[in-house]
Structures are given as C-alpha cells and as structure tokens.
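# Overview (structure and organization)
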Amino acid sequence: MARRQEARGATAAPAGSSTLWYKDAIIYEVHVRTFYDSDGDGYGDFRGLTEKLDYLQDLGVTALWVLPFYPSPWVDDGYDVADYTDVHPAYGTLRDFKRFLAEAHRRGIRVITDLVLNHTSDQHPWFQRARRARPGSRWRDFYVWSDTPDRYRQVRVIFQDFEPSNWTWDPVAGAYYWHRFYKHQPDLNYDNPLVWKAMFRVVDFWMKLGVDGFRLDAVPYLFEREGTSCAGLPETHEFIRALRSHIEERYGERILLAEANEPAAELARYLQGDECHMAFHFPLMPRLYLALHREDREPIAAVLRDEPAIAPTSQWALFLRNHDELSLEMVTPEEREELWQAYAPDPQARINLGIRRRLAPLLGNDRRRIELMNALLFSLPGTPVIYYGDEIGMGDNIYLPDRHGVRTPMQWSADRNAGFSRANPQRLCAPVVVDPPFHYEAVNVEAQLASPDSLLNWMKRLIAVRKRYKAFGRGTCELLDADNRHILAFTRRYGDETVLVVANLSRFVQGVRLNLSTYRGRVPVDLFGRSTLPPVGDDPYFLTLGPHGFYWFALEPGPVSG
Ligand code: NOJ
C-alpha cells in the first residue's frame, strides 16, 4: 500500500482502464520533433503534439509510443541520451510533457515512452565520470571497458554501414569501450549493481509522472559474455524480470514492450508472463512483404504455423514500418536479396541490412497494396503499431542521411512547410517531402479529411471496425485450408465472436475454396458494409477476390430453421 502511494500525484491512466488494455490497443508511433511545431522554430515540440491530440483521437488511436525526447546530442536522433529525466529543450519542458500526458489521458490515449537502457550518449555525465575514474572503480565500471578490442569477437556489428567494430578506443580512459550501436553510444555495464539502481531511478521518475509503459530499446544486449552472441543472455532476462516486478509492485498496469530484433523462439522468451507484456514481431514483418512480392501466402503461413507459445497475458506488437530501416535481419540471405531487389532496387534506398523507405513508396504508392498490408496488420494476431504519416501514405527522402529520410515533417496541409511549422523553410529540422507523387501539396491531412475516399478516412474506418471486435486483439488464430496459394485465410475467435479474414496476395482476380466445415450454418457478414453472404453449407465455401482484395467477415449464427 505504502508503495502504491508513491504513484500518487501522477496523471491517472484513462478511465475504464482494464488489465490487458494493450491487447485491444491501437498504437501510433510518433516523433515529437517532426509532428507539429507550435512555436515556429522549425522543430516539433510537446505543445505541438498536444495540439494534435484531437487528430489522433479522431483517427482512433488509443496509445502513443513517443520516440526519445530527452536531452541528447542527437547523433542517433535521441537514442543517445545525455539526461534521462528531462526533456530536450527543443521539445519544450518537463511541464509541457506533463501537460501532454494529462491531455492524452483525458482523451483516453495512453502514452508509452522509450527507455533506452542499453547505452547512453558519450556526453552523459555517467560516461564523462567513468572515463576519468580509476580503472576497476565502481564509477569506471558503469560502462564496459577492455584493454584490447579482441573480446566478444563473435558479436556482429549492427550499424555495419557506419561502425567497423563494437569497440572504440577512448584516449581519456586509455581503454576500449563497448558499444552495440554508434561509437557515441557506450553500453552500460549491467554487471554493476549501481547501473541497475540508476536505471530503476529513471524508471521510477517516469512511472511516477504517469506514463503507461516503456518500449525497451535494444533490450537483448544488456549483458556480455565471452563465447556468446551477447544477445538475450540469461542475465538479461533476469534483469527484465526484476524490472517487471519492480513496476508491477509499485505501479500496477503499466507495460513493457521489447524491441528485440530476434527470431520468434527467442522473442517468446520475453513473453512468458514475467518479463515483457509485448514484443515487436520482427520475424513476421519482412515476411508480409515477401508474401506480397511472391503473391504467395506461404511466408506468412509459415510464421503463423511455427508461432511459439507465449503467456496468455502476452501479446505480439505488429508493425509494417517504423522510424528505422525496414529490417531484413530476420530473413535468409537469399530472401534478403529478393526483398532488396523487389522493394529497393535503388542502392540509395538500402542501409545496413535493410531498406530506408516508408510504407507507401515501398508499395509503389499502390492504394490496393497499401490497404491489403494494413488489413493484415490489423487482423493478424497482435496489437497494430502505425508509424506516423503512414495513415496518409506519406513519402520519404532517401537522399537524407542515415534513417532521416523516413522521419520528415508530418504533412498537415498544402500550406508552407506542409503546415508543420511557420518557420523559415531553411530552418526546418528536416526538409518536407516534395517528391512529385508524395508532395505535401497533394498528400496531407487537410486534403484527406475533406475527401471521403482518402487513405486517411479508410484507415479511420479500418480502425473503427477493428475496435468493434475483441477477437482481433485477443482471439485465437486458426489458418484455414484454402486451395489457392495466392490466398491467405484465417479465423480469429474470442468468446462468441468468430472473424474470418481472407486476403488475396495476388494482383489478379482469384477464386478460392475454403474449408469452413466447422462453421456449417453460419452466415458470413461483411464487417464494413454489414452485407450478408450465403450461409456456409456442406461444400467448401467459394469466394472470389479482386486484385489484392481482402474480406473481414463475422461468421454469425444463421436463422434457426424449422
Ligand atoms: C533501436 C532504435 O529503434 C534505433 O533507432 C536506434 O538507433 C537503436 N535502437 C539504438 O538505440
């Protein structure tokens, strides 16, 4: 009880809060810097984001994942944290953050923040202190040091286009330090109990303010051990369990979302009920693109068939795109080559082991393919995470450095700077997209709100329909026998809801016979228009689908005869 009281004074979570809220959530990933600039300095800020909460509420979003907004030299766009308990001055103040949080909660929107726990910026006072501290002292040991760059040799370099090694020489310390990402991001040493203590303090700080959860950045890499890949070690899982109980005991229903770019079996280890509530489904994501390219359900079906068991309280977080490159780490080298050829023939669009493009350009700006991929995102087992701007089909700029091409200003209107900022266009944090098919004068929120058939309005309908059926977020998933490999068909079942999803991965019309024998007598009712189809009989159920078409049906009890 005494402990629970620590959370007093925090912004209360939205009314109607229930355990497992994350299973029914619609998460929207947002970058404060590029969303909306309230004061005309060319940088988005918390006041701007707060002003746009009505837009997000209207879209149907129920949770925001906010990219790092802490003081930082921005070598890795904020994933290089220089102070964990403050707000970057360009984004506003802590007070602005608190107001944003309260306003989000008032609209029933939860807020998940990024907890960058594996590394800090080299500008962080902890690192500045460590490099000057006596070797072997507890302050020095906040980070991972070595006299040679030969330790943990078998560990891969993640930013392989930028860093030759995971070790960098520090002339001040006279030693090498370990970093899984940029050399400006030294890894914290979780073998040091003081690091646990320091990070738990950070956790308490944000929990007490009332944030609803943390995305655990780069979570597999907390510990290093010789002879291993230094990913997902038992010690790392032990730390996450400690973190989970710390949070659960004190703050109740907050969540942990694992960012671990690992195979499904590895990911499942975070989802056994006592570590993370959710984990991004990195293996499924590229296979959605593979299935679409091959016009064949098998890459998706194989993932669903082999899905490892996770605790009933755990959940996958599904995504099509995010602020990073579309990662192709979880496919074979042959599949990677195939995906590069298909989706990034221009080498400029490739980076590290992935593709730096947004959803719409990846899919050739083809509305049918964009709808199909979103329909899968919103119906496969898990909680969907939308990347800001993808709801209007925003474009990108592959000529910007690193991954900045997918982090350009949100396109609000056809006005100057896409309505994002009143600043002199030369002052903008990033140039707005002017690539002809994606130019902000054509692709923007204002224009799409005014057009009933716009992608934005279609996304709103998709979200609204999903929210009517708990089966999408909580139901079981059964793959169906379909006699046409272009077609992926599955059911989602929860309580008395049964939703049938049928998706045509091909660019041509297809017919399919589905084995629906379990549902004999049921009537398929289209979830979008409520029209009904003939009841399921003894024969396989025959459906035709247009190019890249999809159906969401409720299988409802038929009229009782006789
Ligand atoms: C994953 C983040 O998504 C990415 O943007 C960042 O560069 C690395 N972790 C390092 O923090």
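Parameters and conventions
Residues numbered from 1 in each chain as written. Predicted model: local features only at pLDDT ≥ 70, side-chain atom pairs only at ≥ 80, totals over all residues. Heavy atoms only, no water. Helix = DSSP H or I, 4+ residues; strand = E, 2+ residues; numbered from the N terminus. Rg over C-alpha atoms; globule rule 2.2 N^0.38 Å. Buried < 20%, exposed > 50% of the residue type's maximum accessible area, 1.4 Å probe, protein only. Domains from an automatic or database assignment. Axes fitted to C-alpha atoms, helices over the stretch in contact; angles between N-to-C directions. Parallel < 35°, antiparallel > 145°, perpendicular 65-115°, else oblique. Left-handed = near helix turned anticlockwise from the far one by under 90°. Contact = heavy atoms within 4.5 Å. Nonpolar A, V, L, I, M, F, W, Y, C, P; charged D, E, K, R; others polar. Core = buried A, V, L, I, M, F, W, Y, C linked by side-chain atoms within 4.5 Å. Salt bridge = Lys/Arg side-chain N within 4 Å of Asp/Glu carboxyl O. Pairing = 2+ DSSP bridges. Phe/Tyr/Trp six-rings, centres within 6.5 Å; stacked < 30°, edge-to-face > 60°. Lys NZ or Arg CZ within 6 Å of the ring centre and 35° of its normal.

A few words now on the overall build of the protein. When its secondary structure is counted, the protein shows 17 helices and 21 strands. Over its C-alpha atoms the protein spans a radius of gyration of 24 Å, differing by no more than 12% from the 24 Å that the globule rule assigns to 562 residues. In terms of principal-axis extent, the alpha carbons of the protein reach across some 85 × 55 × 50 Å. Put simply, the protein has 562 residues, and 63% of those count as buried.

With domains assigned, the protein is organised as domain 1 (125–178) and domain 2 (476–557). Placing a centre on the C-alpha atoms of domain 1 and another on those of domain 2 gives a separation of 55 Å.

This part is about the packing of helix H10 (residues 284–294) against helix H12 (residues 333–343). Two numbers describe a pair of packed helices, the interaxial angle and the distance between the axes. Direction vectors running N to C along H10 and H12 enclose 65°, while the axes themselves pass 10 Å from each other. With respect to H12, the element H10 is oriented roughly perpendicular. Of the two possible hands of crossing, H10 and H12 adopt the one that is left-handed. Contacts from Pro286, Arg287, Tyr289, Leu290, Leu292, His293 and Arg294 in H10 reach Glu335, Glu338, Leu339, Ala342 and Tyr343 in H12. For the contact of H10 with H12, the class distribution of residues is 7 nonpolar, 1 polar and 4 charged.

Bringing the nonpolar core into the picture now. The biggest cluster of nonpolar side chains holds 167 residues, and the ones touching the most others in it are Tyr28, Tyr55 and Tyr289. Sort the elements by how many residues they give to this core and helix H7 (residues 193–209) lands first, with 9 residues. With sequence-adjacent residues up to four places away left out, Tyr55 is seen in contact with Tyr28, Phe35, Glu391, Ile392, Met410, Trp412, Val445 and Leu456. Ala489, Leu500, Val512 and Leu543 belong to the second-largest nonpolar core, a separate cluster that totals 16 residues.

In total, this model carries 38 salt bridges according to the counting rule given. With its nearest N and O atoms 2.5 Å apart, the salt bridge here joins Arg153 to Asp150. Judged by its relative accessible area of 61%, Arg153 falls in the exposed class. Judged by its relative accessible area of 43%, Asp150 falls in the partly exposed class. Close ionic contact of Glu338 with Arg294 constitutes a salt bridge, the shortest N to O distance being 2.8 Å. On the criterion of sequence distance, the pair formed by Glu338 in helix H12 and Arg294 in helix H10 is long-range, its members being 44 residues apart. Since its relative accessible area comes to 36%, Arg294 is described here as partly exposed. A single network of salt bridges, built from pairs that share partners, joins Arg33, Asp76, Asp77, Asp324, Asp402, Arg403 and Arg407.

What follows concerns the sheet that holds strand E12 (residues 350–351). With antiparallel pairing, 3 strands are arranged side by side in an open sheet as E11-E13-E12. Edge positions in the sheet fall to strand E11 (326–327) and E12, since each has one partner strand and no second. Looking at chain direction, E11 and strand E13 (residues 354–355) are connected through 2 bridges and run antiparallel. Residue pairing in the sheet places Leu326 in a bridge with Ile355 of E13.

Enumeration over the complete set of coordinates arrives at 50 aromatic pairs. Ring centres 5.7 Å apart and planes at 15° place the aromatic pair Phe127 and Trp145 in the stacked group. With Phe127 in helix H6 (residues 125–132) and Trp145 in strand E4 (residues 145–146), this pair connects stretches of sequence that are 18 residues apart. Take Phe127 and Trp145: they sit in the same class, and that class is buried. Taking 5.1 Å as the distance between ring centres and 70° as the angle between the ring planes, the aromatic pair formed by Phe282 and Phe319 counts as edge-to-face. With a gap of 37 residues between them, Phe282 in the loop between strand E9 (278–280) and H10 and Phe319 in strand E10 (residues 315–319) connect regions that are remote in the sequence. Across this residue pair, the class does not change: Phe282 and Phe319 are buried. Taken together, the aromatic side chains of Tyr28, Phe35, Tyr36, Tyr55, Tyr387, Tyr388 and Trp412 make up a single cluster linked through ring pairs. In this arrangement the basic side chain of Arg140 is found over the ring face of Trp145, its NZ or CZ atom lying 5.0 Å from the centre. The ring of Tyr388 has Arg358 sitting right over it, with the charged end atom 4.7 Å from the ring centre.

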